[in-house]
Amino acid sequence: MEIDISNWSKLPCVQYGTADAVREPRLRTVFEPMPEGAVTASPVYILRSEEYERNCELENPYAVSGANNIAAELMDACEERNAVLYPLYAESDAGIENAEEMFEWIADFGTETLGVEASKWYFSGSRSIHAHFPLFAKGTETLSFLREAATAFNEENGASIDAGIYTRKRMFRLPGATHSSTQLKKTAIPFGAERDEIIRATTANGESVPESFEVALRETFLPDTPEGYEPTDFFNTIDAGETLFESPADGRGASSSNPVDGPACSRERHKHPFSPYALAKYGTRSVAVGRIESEPYCSREYRHHANRLVHFYAAVGCTGDFVVEDDLCPVKLSKPDYDKTSGLEIDTTVVIIGGGSGRSRIFKVSSETAHDTAAILLASGRKAALEYLREAGYNVGKAGRIESNYAPSGDSPPSGETKRSAAERLQQRAERESFDVLTHNEKIRVACRLLHGGKEYAHDWIRRNMRVYDPEITERFLTDLLNTYGEDYK
């Protein structure tokens, strides 16, 4: 389709790259056909009409001073005047065998940091899952915020979100592009697709890259194209107020749903906060006991989290190396944990049991219980403190990726409040189909969940949900799990 842009004063343009990472020396409007061999595209640069004319008319695109080519020169100029729109993506390259975790990480990062759900999901053709969000980031401060937010999200959730994609001039793989290492195409997939489904969709994918970058944007931002739509209508059709993402410092972003910044406070607010989630791995958990001393607030350093000042009687981090004793300092709360503590008043004594999920178990306890727990924690460690709480009637749970909720005084959370864990979803699938359809690693995850009810319970469930049940094989299977992970079931 021939598009007349001769009367445009500002033109949205992109740079394309090839499979061997060669970038075109000129920019093209988002409406022009993609060049043959294009596999990546840049952010959108808003050129002035005279800049676009120079981009097209310069006989030798490399005949510029101070830059590699005319494209680089014009991109720099756009960055200087903040005339760049960065389509927002999220990526995890943890490997297709970890597809379930990648979906969960990216979805949580999108809702907690960007405030929206992804509109398109893709398998890269190699190891990664990509999510395309109906948002443009604007400004280098916003890119810095996103890098910091992704890094913090990874640390607190044991996740693997690629923070490196939030940089200037970043090229991102186009839908339908062939991955040079596998010869598989970047393929649209449904959210939550399992490994076999992803492989089937990718090997059957006969689609090429979109006709133009406007088409790629339209698939993300306008999945239901309005009647009478023309390609040049794109930027007038999308709602700028709904599609522009700026850092919280500019009044938009994840912290807009968190508590507002407090006034200038005591120096304790600016101490390094205790994180219940930091460095959690292999099911390790943190335990913290103390008295809440402030309302929630956001610090400059951790704007994408809420903090509360706590007089910690004792706190031990996930690695066991970071210990706080009788000190007033902030606790850094994820968005889910902020929601759980929002109803807790100042002077409330609490126990916080954190881990890699970013969703802690938070108990309101008596002052006596708090001091006893702190003493045991400092003298005998986290395991002894958790055992004391368990004997006192608190559901402290088990180590691992187990979702948890705020349960005052040891009460069970309301029905439906706990998010389903990955193991629970696998168990429900096995109950619908058969335990046989799960992979070996998936069977281990389900069996570990069942063993919390005891070996006899696990045996009975497997007998009822397996096509051919062999009690001797099942006994060896469960015994091996108990020998390997026995500490979790004591």
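Placed above this text is the structure.
Residues numbered from 1 in each chain as written. Predicted model: local features only at pLDDT ≥ 70, side-chain atom pairs only at ≥ 80, totals over all residues. Heavy atoms only, no water.

S.K.: Which residues make up the sheet that holds strand 4 (residues 40-41), and what are the values?
M.R.: Overall, antiparallel pairing links the 3 strands, which are arranged 2-4-9 in an open sheet. Two strands lie at the open edges of the sheet, namely strand 2 (16-17) and strand 9 (172-173), each paired on one side alone. For strand 2 and strand 4, the ladder comprises 2 bridges, and the chain directions are antiparallel. Residue pairing across strands places G17 opposite T40, the latter belonging to strand 4. (Pairing = 2+ DSSP bridges. Helix = DSSP H or I, 4+ residues; strand = E, 2+ residues; numbered from the N terminus.)

S.K.: Please give an account of the pattern of salt bridges that cites residues and values.
M.R.: Considering all chains together, one arrives at 19 salt bridges under this definition. Among the ionic pairs, R81 bridges to E51, the shortest N-O distance being 2.7 Å. Of this pair, R81 sits in the loop between helix 2 (70-80) and strand 6 (84-92) while E51 sits in helix 1 (residues 49-57), placing them 30 residues apart in sequence. For K455, the salt bridge goes to E475, with nearest N and O atoms at 2.8 Å. With K455 in helix 14 (residues 455-465) and E475 in helix 15 (residues 471-485), this pair connects stretches of sequence that are 20 residues apart. For K455, a relative accessible area of 27% translates into the label partly exposed. Connected through salt bridges with shared partners, the residues D76, E79, R168 and K169 form a single ionic network. (Salt bridge = Lys/Arg side-chain N within 4 Å of Asp/Glu carboxyl O. Buried < 20%, exposed > 50% of the residue type's maximum accessible area, 1.4 Å probe, protein only.)

S.K.: Summarise the packing of helix 1 against helix 2; cite the residues concerned and give the values.
M.R.: When two helices pack together, their arrangement is given by the angle between the helix axes and the distance between those axes. Between helix 1 and helix 2, the least distance of the axes is 10 Å, while the angle of their chain directions is 165°. By the angle between their axes, helix 1 is roughly antiparallel relative to helix 2. When the axes of helix 1 and helix 2 are compared, the crossing they make is left-handed. Two secondary-structure elements touch here, helix 1 through E51, R54 and N55 and helix 2 through I70, E73, L74 and A77. Its residues placed into classes, the contact of helix 1 with helix 2 shows 3 nonpolar, 1 polar and 3 charged. (Axes fitted to C-alpha atoms, helices over the stretch in contact; angles between N-to-C directions. Parallel < 35°, antiparallel > 145°, perpendicular 65-115°, else oblique. Left-handed = near helix turned anticlockwise from the far one by under 90°. Contact = heavy atoms within 4.5 Å. Nonpolar A, V, L, I, M, F, W, Y, C, P; charged D, E, K, R; others polar.)

S.K.: Outline the packing of aromatic side chains, supporting the account with residue identities and numerical values.
M.R.: Inspection of the entire model under this criterion finds 15 aromatic pairs. Summarising the aromatic geometry, the rings of F435 and W461 are spaced 5.4 Å apart at their centres and angled 90° between planes, so their arrangement reads as edge-to-face. In this pair, F435 sits in the loop between helix 12 (422-432) and helix 13 (440-450) while W461 sits in helix 14, placing the two residues 26 residues apart along the sequence. Given a relative accessible area of 1%, W461 falls into the buried group. Members of the aromatic cluster, each reached through a chain of ring pairs, are F136, F221, F234 and F235. For K186, the ring lying beneath its charged end belongs to Y122, and the centroid distance is 5.0 Å. One residue, K443, lies across the ring of F435, its end atom 5.7 Å from the ring centre. (Phe/Tyr/Trp six-rings, centres within 6.5 Å; stacked < 30°, edge-to-face > 60°. Lys NZ or Arg CZ within 6 Å of the ring centre and 35° of its normal.)

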